[in-house]
Each structure stands twice: as C-alpha cells, then as structure tokens.
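Observations on the model geometry
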Amino acid sequence: MHTITAIAHPNIALIKYWGKRDTARNLPATHSLSITLNTLETHTSVNFSAELSVDQVYLNKALAGNTFSARVSACLNEFRKLAGIDKFASVHTNNNFPTAAGLASSASGFAALLTAANAAVESPLDLRQLAILARQASGSAGRSLFGGYVIQHCGQQNDGSDSYAEPLFPAKHWPLEVVIAITSEQEKTTGSTAGMLHTAATAPYWQAWVDRSAEDIHAATTAIQQRDFSALAEVAEASCLAMHALMQSARPGLLYWNAATVELIHKIRHLRASGLAVFFTIDAGPQVKAVCLPEAADKVEAALANVPGVLRTLRCSLGAGARVVNDAE
Ligand code: DP6
C-alpha cells in the first residue's frame with residue numbers, strides 16, 4: 001500500500017443545514033443545497049500501514065490535537081469496517097484557507113480524507129457509500145465529494161441509508177462566482193455540532209425551520225435550473241437569515257456575526273438594488289460569502305474590500321468534486 005493524495009474543496013450551502021434528526025448517526029433534520037468552490041483546497045494524504053498501532057494525524061504540518069484526530073479516526077473506523085481494512089493510517093491534511101472559521105474546512109477535509117483512503121485500498125466503496133460515510137463524519141461533507149450544485153437529502157430511514165449527497169447540476173450549467181469577505185481569522189467559539197444541538201433543544205422556532213426546508217430546496221432547484229438569479233437570491237438569503245434568526249432565538253442565543261458581517265449584508269443588498277447580480281450567504285462564522293454572476297464579480301469584490309472590518313477578500317468560481325491527485329499537483 002502506498003500514499004495517496006486527494007484534493008477537495010469547501011462547499012457553501014445556499015439552502016442551509018442546521019440541526020439533526022438523529023445525533024448518533026448524524027442525520028440532518030433538513031435537506032441542504034450547496035455549491036462547491038474552487039481555489040480553496042484541502043489536500044489530504046493517506047497511507048495505511050501495518051507498522052502503525054494507532055492513526056497518526058497531522059493538520060497543516062503539525063501533529064493534530066486530540067479532538068481533530070479523534071474525528072478523523074472515527075471516520076476512518078467507519079471506512080475500515082465497510083472496506084474490510086484493519087490497518088491504521090498516517091494522515092496529512094493541509095488547508096490553504098483558515099481552519100474552522102466558517103469556511104467549511106471539515107467538509108473539504110472529510111471529502112478529501114475518504115477519497116484518499118478509498119483510493120489507497122483500490123476503491124472498494126462507491127460514491128454513494130462515500131457520501132454516507134462523509135455525512136456521518138460531518139453533515140455538510142458529503143456535498144464536497146461532488147462539483148457544481150449539490151443536494152444533501154435528509155432522508156427518512158432510521159439507518160441513514162437514504163441520507164446522502166448527490167450532484168444536481170454541473171458547474172458549467174451556471175458558472176456563478178463567489179467573493180468571500182474575511183472579517184476574522186479566529187476559530188469560531190461554538191462549533192456547528194454543539195450549536196445545532198443547542199438550537200434544537202432551546203429555539204422556539206425549531207419546527208418551523210424544519211418544516212420549511214423542502215419548499216426552499218424546491219424553489220432553489222427551480223431557480224438554478226432556470227438560471228433565475230433574482231429567484232435564487234431571494235430564497236438563498238431567506239434560508240441564511242432564517243438559520244441565523246433560529247440560532248439567535250436559542251437560549252442563550254448564538255450570534256456568529258460581528259459588526260462587519262452586518263455592514264456586508266447591507267452593502268450587498270444595496271449593490272443588488274443598484275443593479276448588480278449579487279446575494280449573500282453566511283455560515284457558522286462571521287465571514288460573508290457574496291454569490292454573483294461573473295460579470296458582477298469585480299465590482300462586488302472592490303466594493304466589499306472597502307467595507308470597514310473586512311480583512312481581505314477571496315475569489316472563487318464553482319469547483320470540481322473530490323479527486324485523487326498526483327504528488328506533483
Ligand atoms: C452552517 O456540517 O459542520 O455550514 O454535521 O455537526 O459536522 P456537523 O455540522 P456541519 O454544519 C454545517 C452548517 C452550516 C450550514 C451548511 O453548510 O449547510
């Protein structure tokens with residue numbers, strides 16, 4: 001067995017996942033719909049070795065902390081069960097963007113990990129099986145296995161067999177662009193899993209949020225299919241704001257935004273009102289992602305870079321799914 005390296009990109013949800021119908025199996029309570037980005041990358045190398053008595057996990061070139069290593073090992077344990085492997089692995093994972101600051105590093109991380117692990121043992125699992133394993137590791141991770149526009153089904157089965165991600169439309173169907181405004185490089189204070197459990201347990205609007213998901217997915221899918229930017233802007237901003245309102249209604253409320261986040265929301269709405277095709281989405285962190293038509297992207301980036309509190313901007317197009325790469329790449 002030899003070292004295999006895979007690359008995966010973060011994805012951002014336009015229709016959000018927030019909350020679980022089964023915590024132990026990590027089954028989402030809502031469907032979600034995402035776009036996979038390019039430019040931002042996780043590279044993960046996996047080597048299964050009979051010499052190891054435990055998984056060895058390195059994150060950004062340093063030995064990973066216990067929490068991160070335990071999540072990687074838990075994911076590899078599920079993989080080993082299905083693939084019939086009993087060897088431990090050394091895992092080296094590197095992100096070219098801030099880890100755990102609301103840029104979905106866990107999604108690209110688990111998608112790259114499973115893609116590399118599977119290829120390292122001659123690919124016994126198919127993409128559906130990998131999507132289920134990725135979702136078990138992190139609810140948004142199965143979405144990063146695929147490029148372009150991706151849906152994660154919440155599913156109905158208790159065993160999670162119908163809760164998987166699959167591609168909806170390829171990137172070339174409608175090549176949107178994304179400007180990410182970084183407003184903080186700090187790791188978030190409340191991780192997604194803890195935040196979701198707290199929200200489901202205490203937020204009064206929880207059931208309304210769950211009940212709305214299918215309708216929003218339908219509206220977004222139709223908008224993407226018809227390349228109807230205004231319709232997508234409306235439903236994506238609504239899903240994002242509803243998720244944050246839900247979190248804020250938990251007790252105590254979860255507030256991931258800083259002052260610049262709010263400034264950016266106003267700025268993006270102002271830009272759209274003045275004729276630029278752009279809308280915002282925000283995850284469990286203070287960064288703002290501005291999704292736009294390619295012809296609007298330069299103006300959007302210039303405008304957002306000038307908003308007080310914006311540290312820097314990143315520019316992405318829609319990217320490909322997780323894949324094995326040569327060492328040279
Ligand atoms: C706000 O997939 O990180 O980004 O399943 O607990 O690992 P776990 O959660 P995670 O949550 C992502 C939440 C979100 C919205 C989204 O990506 O849909």
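Residues numbered from 1 in each chain as written. Predicted model: local features only at pLDDT ≥ 70, side-chain atom pairs only at ≥ 80, totals over all residues. Heavy atoms only, no water.

Strand order in the open sheet formed by 4 strands is β13-β14-β12-β15, and the pairing between neighbours is antiparallel. For this open sheet the edge positions go to β13 (278-281) and β15 (312-317), each flanked by a neighbour on one side alone. Adjacent strand axes in the sheet meet at a mean angle of 25°, parallel and antiparallel pairs treated alike. Taken together, the 6 bridges between strand β12 (residues 177-182) and β15 define a ladder with antiparallel strand orientation. Paired with Val179 across the bridge in β15 is Arg315. (Pairing = 2+ DSSP bridges. Helix = DSSP H or I, 4+ residues; strand = E, 2+ residues; numbered from the N terminus. Axes fitted to C-alpha atoms, helices over the stretch in contact; angles between N-to-C directions.)

The ligand sits among 18 residues. The nearest are Tyr17, Lys20, Gly139, Ser140 and Thr193. Ser138 places a polar side-chain atom, nitrogen or oxygen, 2.7 Å from an oxygen atom of the ligand. One nitrogen or oxygen atom from the side chain of Arg143 is found 2.7 Å from an oxygen atom belonging to the ligand. In isolation the ligand offers 460 Å² of accessible surface; the protein chains occlude 93% of this area. Examining the composition of the shell around the ligand, we find that 3 residues originate from one element, helix α4 (residues 192-202), more than from any other. Tallied by class, residues from the shell around the ligand come to 6 nonpolar, 7 polar and 5 charged. Both domains that furnish three or more residues to the shell around the ligand are identified here as domain 1 (4-171) and domain 2 (177-317). (Near = heavy atom within 4 Å. Polar contact = N/O pair within 3.5 Å; in protein donor to acceptor, adjacent residues only side chain to side chain. Areas by Shrake-Rupley, 256 points an atom, 1.4 Å probe, with all protein chains shown as cover. Nonpolar A, V, L, I, M, F, W, Y, C, P; charged D, E, K, R; others polar. Domains from an automatic or database assignment.)

What follows is about the pattern of salt bridges. One pass over the full model with this rule turns up 14 salt bridges. Between Asp22 and Arg25 there is a salt bridge, with the nearest N and O atoms lying 3.1 Å from each other. Under the relative-accessibility criterion, Arg25 is labelled partly exposed at 40%. Members of the salt-bridge network, linked through shared partners, are Glu177, Asp298, Glu301 and Arg315. (Salt bridge = Lys/Arg side-chain N within 4 Å of Asp/Glu carboxyl O. Buried < 20%, exposed > 50% of the residue type's maximum accessible area, 1.4 Å probe, protein only.)

The next point concerns the state of the cysteines. Using the criterion set out here, one finds 0 disulfides in the structure. The thiol of Cys240 is unpaired, and the distance to the nearest cysteine sulfur, on Cys292, comes to 16 Å. (Disulfide = S-S within 2.5 Å.)

Another aspect to go through is the packing of helix α1 (residues 66-83) against helix α2 (residues 105-120). It is at 11 Å that the axes of α1 and α2 come closest, and there the two elements cross at 40°. In terms of orientation, α1 and α2 fall into the oblique class. Handedness of the α1/α2 crossing: right-handed. The segment α1 lies against α2, with Arg71, Val72, Cys75, Leu76 and Phe79 engaging Ser106, Phe110, Leu113, Leu114, Ala117 and Asn118. Taken together, the residues that form the contact of α1 with α2 break down as 8 nonpolar, 2 polar and 1 charged. (Parallel < 35°, antiparallel > 145°, perpendicular 65-115°, else oblique. Left-handed = near helix turned anticlockwise from the far one by under 90°. Contact = heavy atoms within 4.5 Å.)

Attention now goes to the side chain of Ser163. Relative to the elements of secondary structure, Ser163 occurs in the loop between β10 (149-152) and β11 (165-169). Look at Ser163 and you get buried, because its relative accessible area is 0%. Here the side chain of Ser163 touches Gln152 through a polar contact of 3.4 Å, side chain to side chain. At 3.1 Å, the side chain of Ser163 forms a polar contact with the backbone oxygen of Cys154.

Turning to the sheet that holds β10, a few remarks are in order. The pairing of strands in a sheet happens through backbone hydrogen bonds and is either parallel or antiparallel. With antiparallel pairing, 4 strands are arranged side by side in an open sheet as β2-β5-β10-β11. Each having just a single partner strand, β2 (11-15) and β11 make up the two edges of the open sheet. In this sheet, neighbouring strand axes are inclined to one another by 35° on average, regardless of whether the strands run parallel or antiparallel. Where strand β5 (residues 32-36) and β10 come together, 4 bridges link them in antiparallel fashion.

Our focus in this paragraph is the domain arrangement of the protein. For the protein, the assigned domains are domain 1 (4-171) and domain 2 (177-317). Every contact between the two is made by 31 residues of domain 1 and, on the other side, 49 residues of domain 2. Taken together, the two surfaces of domain 1 and domain 2 that pack against each other cover about 3100 Å², and 74% of this comes from carbon and sulfur. Across the contact surface, domain 1 and domain 2 share 1 salt bridge. The partner of Lys16 in a salt bridge is Asp283, and the shortest N-O contact between them spans 2.6 Å. Where domain 1 touches domain 2, the interface holds 9 residue pairs in polar contact (both at pLDDT 80 or more). Put simply, the parts of the chain that give the side of domain 1 that touches domain 2 at least two residues each are β2, β5, β10 and β11. (Buried area = accessible area lost by both parts, 1.4 Å probe.)

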